[in-house]
Amino acid sequence: MGTDHTSKIVGAVWGLLVLNTLGSAGAQTIIPLPRSLIQVVTMGALGAAFVLALAVNLRLRIRAGAFVFLLTLLLVPSVISSANLESGFGALFRCARLALFAGTLWLLSRWWDGGLTFVRHHIRMYFAVLGSVAAGALISPGAALPDLYGGRLVGALWPLTPPQIGQYAAVITGLTVLLVLGRRTDRASAAVIIVPALVLLALTHTRTATLGLLVGLVLAIGSLILTSAAARRFFAWAVLCAAVAVVGFGSALQAWFLRGQSQEYFTSLTGREKVWDALLAAPRTTSEQLFGMGLGDKSFGGLPIDNSWLAVYHEQGLTGVALVAAIIIVLGGAALLRPPSLPRACAIFLISYCAIASYTEAGLGDASPYLLHLAVAASLLAAPAEDPALPAPAASRRRVPRWAREWR
């Protein structure tokens, strides 16, 4: 199978994984889509992704790595807690989904070589998703900016919530900025991605995504400052522009950030703390503390948990929390130990973004875009694979003449 053909199949597999993690709950779309239909599409995408990945990697050549290994271990508390059926048969279904998701990543790990291939796949796929959001806003502005969400941008063609759209826009914006700084793309092509993505991010009024983008870029660019003049110039201009924006548009930025909410409601994280306190105060057996209640819809008492760590604790217990923490720590440690480079900077951006978003968004313990972001980071931190087909160096195969051997 040709290299180009294989690369296209791998890109298709990544696109199907992205489709699977888009979710099935969100705003009302222009054409009502039954949730059952959406679930069939997303689960069908995961099944197709696994089959394609297996077809392109029939010899099951994989690269052992800490990320996929820990993700696979996360299945243990998930299955133990879900087997009790306290969360219903849906918990076992979600376990099967997580297993298929991890299996597909194992098959793709063959092509994790520290290059930017999966960064480009990531940007293309999520840019396509944002394209559908923009198309929905143009077709029906009322459906895309509903009063139900306070006028925030939602998916009018596919049910996407404002936090989802903000996340996708922030991630591809940050990665594209880093590609420009590393001279891996031209400014015109980057502007085609960055400008629409920032507009959509602004329309979602998503504070977590904005903060993750800014902090992630600061850390990623900071890792390049000592070795890249372009990074130093960009950082200086960014600080200057930020200072001007704060001075000149401080009131407008504050209004955007508060989204019309009171200071008290804002400090309580839009009511999330009440759910968190109730979750932590709920009585649990020792088994439930260790392994959780089983994979569910990341809610407690009918309300979203909106915190990855508490969602993992609720569904996979302290064991799951330890494994998710190990994933973040191992990837972060590997990134810090790598010499400065563009792949390392992209990995730092993705890891830091996921760590920041984990405080107000759930998803690190189940198949989600956040795990895909971390999978891209793992691919960037992998050591380049050695090609066994390469011939041995000429010097090692050269026959030493007899007269030379005598004078050695």
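Predicted, not measured: the structure shown is a model, and the values here were computed from it.

A few words on the overall build of the protein chain. The secondary structure content of the protein chain amounts to 20 helices and two strands. Each of the 408 residues in the protein chain was classed as buried or not, and the buried ones make up 46%. The contacts in the protein chain between residues at least 6 apart in sequence include a share of 76% that link residues at least 24 apart. Put simply, the protein chain shows about 20000 Å² of open surface, and 67% of that area lies on carbon and sulfur atoms.

Helix α9 (residues 187–204) packs onto helix α6 (residues 117–139) with a crossing angle of 45° between their chain directions and a minimal axis gap of 11 Å. Between α6 and α9, the angle falls in the class oblique. In this structure, α6 crosses over α9, and the sense of that crossing is left-handed. Where α6 approaches α9, its residues Ile123, Phe127 and Leu130 are matched on the opposing element by Val192, Ile193, Ala197 and Leu200. A per-class count over the contact of α6 with α9 returns seven nonpolar, no polar and no charged.

Attention now moves to the nonpolar core. Where a protein is soluble and globular, its nonpolar side chains tend to be buried together. Ranked by internal contacts, the top residues of the largest apolar core, which has 98 residues, are Trp14, Phe67, Leu105, Trp112 and Leu374. Here Leu374 is in contact with Phe67, Ile327, Ile328, Leu331, Ile351, Cys354 and Leu364, once residues within four sequence places are set aside. Within the second largest apolar cluster, seven residues are counted, among which are Leu279, Ile305, Leu310 and Ala311.

So, about the pattern of salt bridges. A full pass over the atoms with the stated rule returns three salt bridges. Close ionic contact of Asp306 with Arg272 constitutes a salt bridge, the shortest N to O distance being 3.5 Å. On the criterion of sequence distance, the pair formed by Asp306 in the loop between β2 (303–304) and α16 (308–337) and Arg272 in helix α14 (residues 272–281) is long-range, its members being 34 residues apart. Here Asp306 falls in the partly exposed class, since its relative accessible area comes to 21%. Relative accessible area serves as the criterion here: at 17%, Arg272 is assigned to the buried category. A salt bridge links Lys298 to Glu315; the shortest N-O distance between them is 3.1 Å. Here Lys298, found in the loop between α15 (286–291) and β1 (299–300), pairs with Glu315, found in helix α16; they are 17 residues apart in sequence, far enough to count as distant. The exposure class assigned to Lys298 is buried, which follows from its relative accessible area of 17%. A cluster of three or more residues bridged by salt bridges with shared partners is formed by Lys298, Glu315 and Asp366.

With their axes 8 Å apart at the nearest point, helix α10 (residues 207–222) and helix α17 (residues 342–357) run at an angle of 145° to one another. Crossing geometry of α10 relative to α17 is assigned as right-handed. Along its contact with α10, which presents Thr208, Ala209, Leu211, Gly212, Leu213, Val215, Gly216, Leu217, Leu219 and Ala220, the element α17 presents Ala345, Ile348, Phe349, Ser352, Tyr353, Ile356 and Ala357.

The grouping of Ile30, Ile31, Leu33, Leu37, Val41, Ile139 and Leu157 at the surface amounts to a nonpolar patch, some 580 Å² of accessible area in total. Position of Ile30 among the secondary structure elements: in the loop between α1 (3–20) and α2 (35–56).

Our focus in this paragraph is α16. Here α16 is 30 residues long, yet its end C-alpha atoms lie only 26 Å apart, well below the 44 Å a rise of 1.5 Å per residue gives. Helix geometry: α16 is bent most strongly at Gln316, by close to 130°. Where α16 begins, the side chain of Asn307 points an oxygen toward the backbone nitrogen of Trp309, at a separation of 2.9 Å.

In this structure, Leu318 sits in helix α16. Judged by relative accessible area, Leu318 falls into the partly exposed class, the value being 46%. Residues Leu318 and Ser287 lie 31 residues apart in sequence; the distance between their C-alpha atoms is 9.9 Å. Those residues in contact with Leu318 that lie beyond four places of it in its chain are Gln289, Leu290 and Tyr313.

On to the confidence of the model for the protein chain. With 88% of its residues at a pLDDT of at least 70, the protein chain reaches an overall mean of 87. Note that residues 387–398 has pLDDT below 50 and, in this model, one contact with residues that lie over four places away or in other chains. Long-range and interchain partners of residues 400–408, a stretch whose pLDDT sits below 50, account for two contacts in this model, where long-range means more than four residues apart.

Even without glycine at this site, Lys298 takes up a positive phi of about 60°. With phi around 55°, Asp306 is a residue other than glycine that occupies positive phi space.

Bringing the environment of Ile165 into the picture now. Its place among the elements puts Ile165 in helix α8 (residues 162–181). Spatially, the C-alpha atoms of Ile165 and Leu203 are 9.5 Å apart, while their sequence positions differ by 38 residues.

Counted under the stated rule, the structure contains five aromatic pairs. Here Trp14 and Phe118 contribute two aromatic rings whose centre-to-centre distance is 5.2 Å and whose plane-to-plane angle is 70°, an arrangement assigned as edge-to-face. One end of the pair, Trp14, is in helix α1; the other, Phe118, is in helix α6, and 104 residues separate them in sequence. Trp14 gets classed as buried once you look at its relative accessible area, which sits at 0%. Measuring from ring centre to ring centre gives 6.3 Å for Phe349 and Tyr353, while their planes differ by 35°; the resulting arrangement is tilted. You can see Phe349 and its partner Tyr353 sitting in helix α17, four residues apart, about one turn around the helix. For the residue pair Phe349 and Tyr353, the accessibility class agrees, reading buried in each case. Each residue in the set Trp14, Trp112 and Phe118 is aromatic and connected to the rest through ring pairs, giving one cluster.

The rules we used
- Residues numbered from 1 in each chain as written.
- Predicted model: local features only at pLDDT ≥ 70, side-chain atom pairs only at ≥ 80, totals over all residues.
- Heavy atoms only, no water.
- Helix = DSSP H or I, 4+ residues; strand = E, 2+ residues; numbered from the N terminus.
- Buried < 20%, exposed > 50% of the residue type's maximum accessible area, 1.4 Å probe, protein only.
- Contact = heavy atoms within 4.5 Å.
- Areas by Shrake-Rupley, 256 points an atom, 1.4 Å probe, with all protein chains shown as cover.
- Axes fitted to C-alpha atoms, helices over the stretch in contact; angles between N-to-C directions.
- Parallel < 35°, antiparallel > 145°, perpendicular 65-115°, else oblique.
- Left-handed = near helix turned anticlockwise from the far one by under 90°.
- Nonpolar A, V, L, I, M, F, W, Y, C, P; charged D, E, K, R; others polar.
- Core = buried A, V, L, I, M, F, W, Y, C linked by side-chain atoms within 4.5 Å.
- Salt bridge = Lys/Arg side-chain N within 4 Å of Asp/Glu carboxyl O.
- Patch = residues over 30% accessible without salt bridge, like charges linked within 9 Å, V, L, I, M, F, W, Y side chains within 5 Å.
- Expected span 1.5 Å × (residues − 1).
- Bend = angle between axes of the 7 residues up to and from the residue.
- Polar contact = N/O pair within 3.5 Å; in protein donor to acceptor, adjacent residues only side chain to side chain.
- pLDDT = per-residue confidence, 0-100.
- Phe/Tyr/Trp six-rings, centres within 6.5 Å; stacked < 30°, edge-to-face > 60°.

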